[in-house]
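Coordinate inspection notes
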Amino acid sequence: MNEPRKPRPIRSRQAKLAAIGAGALLFAGFALAPAAVGAAAPPVYPAAEVHKPSPIPDRMILIPTATPATGQRVSWRAEATADTAQAQILEAPRALGQVAPAPGAVATVPAIASTPVNTTLGYASTYHTVEFTGLKPNTRYTYRVGDGTNWSAWTDFTTAADGFEPFSFIYYGDAQNYIDSAVPRVFRQAFADRPQAKAIVNAGDLIDSANSEEQWGQWFKAGGFIDGQVNNISIPGNHEYSGGLSTFWRPQFPYPDNGPGDAELKQTVYTLDYQGVRFIGLDSNVQSNAALMAAQTTWLEGLLKDNPNKWTVVTFHHPVYSTTGTRNNPNVRAQWAPLLEKYGVDLVLQGHDHSYGRGNQVAARKSATVHNGVAYVVSVSGGKMYALNGGENWTGNGAEVRSSSQNTQLYQLIDVADDTITFEARYANGEHHDGFTIRKNDKGERTVNEIRTAENTVGEQVTVDKTSVRRLEQVKVSAYGYDPGEKVAVWWREQDDDDARRGGGGRNGTLIGYEKADELGRLEETVRVPVLVKKNGTYVVYLDSQNQKITSPAITVTK
Ligand SMILES: [Fe+2]
Ligand SMILES: [Fe+2]
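Overview of the structure. These figures come from a predicted structure and were not determined experimentally. (Residues numbered from 1 in each chain as written. Chains lettered and ligands numbered in written order. Predicted model: local features only at pLDDT ≥ 70, side-chain atom pairs only at ≥ 80, totals over all residues. Heavy atoms only, no water.)

Topic: the sheet that holds strand β3 (residues 86-91)
Put simply, the rule is: Note on pairing: two strands pair once DSSP finds at least 2 bridges between them. Runs of H or I in DSSP of at least four residues are treated as helices and runs of E of at least two as strands, each being numbered from the N terminus. Axis definition: a line fit to C-alpha positions, over the contact stretch in the case of helices; interaxial angles, taken between N-to-C directions, run 0 to 180 degrees.
Across the sheet, which stays open at both edges, the 4 strands sit in the order β4-β3-β7-β8 with antiparallel pairing between neighbours. In this open sheet, the two strands that pair with only one neighbour each are β4 (107-110) and β8 (155-158). Between one strand axis and the next, the sheet turns by 30° as a mean value, whatever way the strands run. Relative to strand β7 (residues 140-146), β3 is paired through 6 bridges, and the arrangement is antiparallel. Pairing of I89 across the sheet is with Y143, part of β7.

And the structure:
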């Protein structure tokens, strides 16, 4: 007797399609309103509950002093009184918890300020500041803040070295919107990529509504524990103003009071030297106020003229060259850009345009991939996006964009070394967007070199001093974009050389010789036109090295 056949699961084409459809729906569901389970959607949890202060400290943030090798400020929020707010600090021990610090190791420091900020959520957020002084340079400390009973977690930081020492920092353009949803992954990825960063620069518009307790709460949550252990260098954008500077700004961000001296600019305009980098923060929100602009311009020039640091980074909100719409900041450009150029500022870090743009003045252009001027950058870390314009505000004002991007959230990693600053912009998902290396020698000469890509290592990047020559005449050849000391073969060859057209290098031509790029990646060479050349023939100088295969414009031999 035959066994009855087991029913086979039906797996028809229709069923498969239905399954695929369900998967696609699930994925597409991201863009749809989430379906509530049951009849009514849950209510929004009130901001007054989410951000309510308690005696347990939150919103801890490291605020640099003007002497970061020996002093450090910390601010935080907690329901504590001026007489109880305090911090404790000791040199970072190998263990805590069951392991008690050595007797006398812990110093207790009372707060220097406790400021209640009234909020619209029915409570005041009280910010406290302590200042640690007399610290040892380049030393790791552990601190906690609280009221003597209710404490934060023990948290570590390292003081700046006394003088130059390589370090990294992070720079963000506007966070501002979607702070609780889209911004945290950017901050986390940046910290994952540079956990050793010593500072975070924010070029304004940290939040959207200057006096919103909810948004400041979101901003501090987005930074999380990172802010308690990395110094924050923020300057205000227009969204930190609403009929005046945000009432939160100075209690949260007690920056050095070393600006131009105007009360309006206190702790929005300040400077500090950190391990060989002079950081200068300016307030571009007052660009229509002639007196406050003039005060900043004079102060800026003083700091640039008398600057013992090799590197200089300037940050303000409204860009010198705008990347978005018809935006234009002529006062910022007219008053600050000439000084930034004259005194060789290395990086100008800006925001406001909710897109990415990076470039330089055309006068500084040296080749398709190299310039020797100021690197101007606009970036955005948050989720609000503006479309790029066609670069008119750059080209119309003597500048050029070398990299741009729209609809991308970005963070920037900046590595400072003895002879170089390396800058890289990455997207929220960690992928590379743009990058360059600034090289500077002891004479203060500088090149700003794109990070090499397949696209930018070909093409006309060789400059010649003449394109019409006679036999045995000398041609001055220069090129940029090499690694320091890179060996370069210099060839003279026919312009329409078949081998060259096939990408085979210049080996059908005449080898003039070998040269080495200098410490800034520059090559200078005098080439004597060979005797065996054709009259009216057109030739090129071809430079062949490991990193670049580049060709000069055509040179015609007249006799
Ligand atoms: Fe903005
Ligand atoms: Fe803005």
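Points about the pattern of salt bridges
Going by this rule: Basic side-chain nitrogens of Lys or Arg form a salt bridge, by our definition, when they fall within 4 Å of a carboxyl oxygen of Asp or Glu. Buried residues are those whose accessible area, probed at 1.4 Å on protein chains only, stays under 20% of the maximum for their type, while exposed residues exceed 50% and partly exposed ones sit between those limits.
If you walk through the whole model with that rule in mind, you get 28 salt bridges. D156 serves as the salt-bridge partner of R140, at 2.8 Å between the closest nitrogen and oxygen. Here R140 is found in strand β7, whereas its partner D156 is found in strand β8, with 16 residues between them in sequence. Taking the shortest distance from any N to any O, the salt bridge between K440 and D346 comes out at 3.1 Å. You can see K440 sitting in strand β22 (residues 432-440) and its partner D346 sitting in the loop between α7 (330-342) and β15 (347-350), a full 94 residues away along the chain. The exposure class assigned to K440 is buried, which follows from its relative accessible area of 8%.

With respect to the coordination of the iron ion (ligand 2)
Applicable threshold: Coordination shells were defined by N, O and S atoms within 2.8 Å of each metal, extended to 3.2 Å for Na, K and Ca; water is absent from the atom set, which can make sites look incomplete. Geometry assignment treats four donors as tetrahedral when all angles are between 85 and 135 degrees, treats four as square planar and six as octahedral when opposite donors are over 155 degrees apart and all others between 65 and 115, and treats everything else as irregular.
In the first shell of the iron ion (ligand 2), the protein supplies D205 (OD), N238 (OD1), H317 (NE2) and H352 (ND1), at 2.1 to 2.2 Å from the metal. Considering all 4 donor atoms around the iron ion (ligand 2), angles at the metal cover 87 to 163° and the coordination shape is irregular. As a motif over one chain, the donors of the iron ion (ligand 2) read D-x32-N-x78-H-x34-H. Between the iron ion (ligand 2) and the iron ion (ligand 1), a spacing of 3.2 Å is present, and a bridge between the two is formed by D205.

Side note on a nonpolar patch on the surface
Our working definition: The residues that make up patches have over 30% relative accessible area and no salt bridge, and they are joined within 9 Å when like-charged or within 5 Å when they are Val, Leu, Ile, Met, Phe, Trp or Tyr. In this description, accessible areas are obtained by the Shrake-Rupley approach with a 1.4 Å probe, and a residue is regarded as covered only by the protein chains that are shown.
A surface patch of nonpolar side chains, amounting to about 330 Å² of accessible area, comprises L472, V531 and L532. Here L532 is to be found in the loop between β29 (523-528) and β30 (538-545). Among the residues examined, L532 registers a relative accessible area of 80% and is labelled exposed.

Digging into the pairing of strand β12 (residues 270-274)
The buried count for β12 comes to 4 of 5 residues, which makes it a mostly enclosed element. Across 5 bridges, β12 lies against strand β13 (residues 277-281) in antiparallel orientation. From the neighbouring strand, T271 faces β13, where its bridge partner is I280.

Overview of the sheet that holds strand β19 (residues 399-405)
The condition is simple: For this analysis, residues touch if any pair of their heavy atoms sits within 4.5 Å.
Read from one edge of the open sheet, 7 strands run β12-β13-β14-β15-β18-β16-β19, paired in mixed fashion. Among the strands making up the open sheet, the edge pair consists of β12 and β19. Between one strand axis and the next, the sheet turns through 15° on average, direction left out of account. Direction of pairing for β15 relative to strand β18 (residues 375-378): parallel, over a ladder of 4 bridges. From the neighbouring strand, L347 faces β18, where its bridge partner is A375. The strands that helix α6 (residues 290-305) touches are β12, β13 and β14 (311-315); relative to β13, the one it contacts most, it runs at about 180°.

What to know about the packing of aromatic side chains
To be explicit about the condition: Two aromatic rings from Phe, Tyr or Trp, using only the six-membered ring of Trp, form a pair when their centres are within 6.5 Å; if the ring planes differ by under 30 degrees the pair is stacked, by over 60 it is edge-to-face, and anything between is tilted. Over a ring means this: the NZ of a Lys or the CZ of an Arg is within 6 Å of the ring centre and within 35 degrees of the ring normal.
Inspection of every chain in the model, using the stated rule, returns 23 aromatic pairs. Summarising the aromatic geometry, the rings of F253 and Y255 are spaced 5.9 Å apart at their centres and angled 20° between planes, so their arrangement reads as stacked. By relative accessible area, which is 0% here, F253 ends up buried. Residue classification places Y255 among the buried positions, given a relative accessible area of 0%. Members of the aromatic cluster, joined through ring pairs, are Y127, W216, W219, F220, F248, W249, F253, Y255 and Y270. Against the face of W151 rests R144, its NZ or CZ located 4.1 Å from the ring centre.

Things to note about the coordination of the iron ion (ligand 1)
Protein-derived ligands of the iron ion (ligand 1) are D174 (OD), Q176 (OE1), D205 (OD) and H354 (NE2), with the metal-ligand distances lying across 2.1 to 2.2 Å. Viewed at the metal, the 4 donor atoms of the iron ion (ligand 1) are separated by angles of 87 to 175°, and the geometry they form is irregular. Every donor residue of the iron ion (ligand 1) comes from the same chain, spaced as D-x1-Q-x28-D-x148-H.

Some points on the nonpolar core
This is how it is decided: Remark: nonpolar core denotes a set of buried residues (Ala, Val, Leu, Ile, Met, Phe, Trp, Tyr, Cys) joined through side-chain atoms within 4.5 Å.
Core analysis: the biggest nonpolar cluster contains 62 residues, and F169, W219, F253, F279, L347, L349 and F423 have the highest contact counts within it. Setting aside residues no more than four positions away along its own chain, L347 makes contact with F169, T312, V313, V314, A375, I414, I421, F423, F436 and I438. The next biggest cluster of nonpolar side chains, apart from the first, holds 26 residues, and it includes V286, L303, V314 and V374.

Notes on the environment of P330
Following the sequence through the fold, P330 ends up in helix α7. What makes P330 partly exposed here is its relative accessible area of 40%. The spacing of P330 and N397 is 67 residues in sequence and 9.7 Å in space, taken between C-alpha atoms.

Some remarks on unusual backbone geometry
Phi angles above zero are rare outside glycine, and R59 is one such case at about 50°. Structurally, R59 can be placed in strand β1 (residues 58-64).

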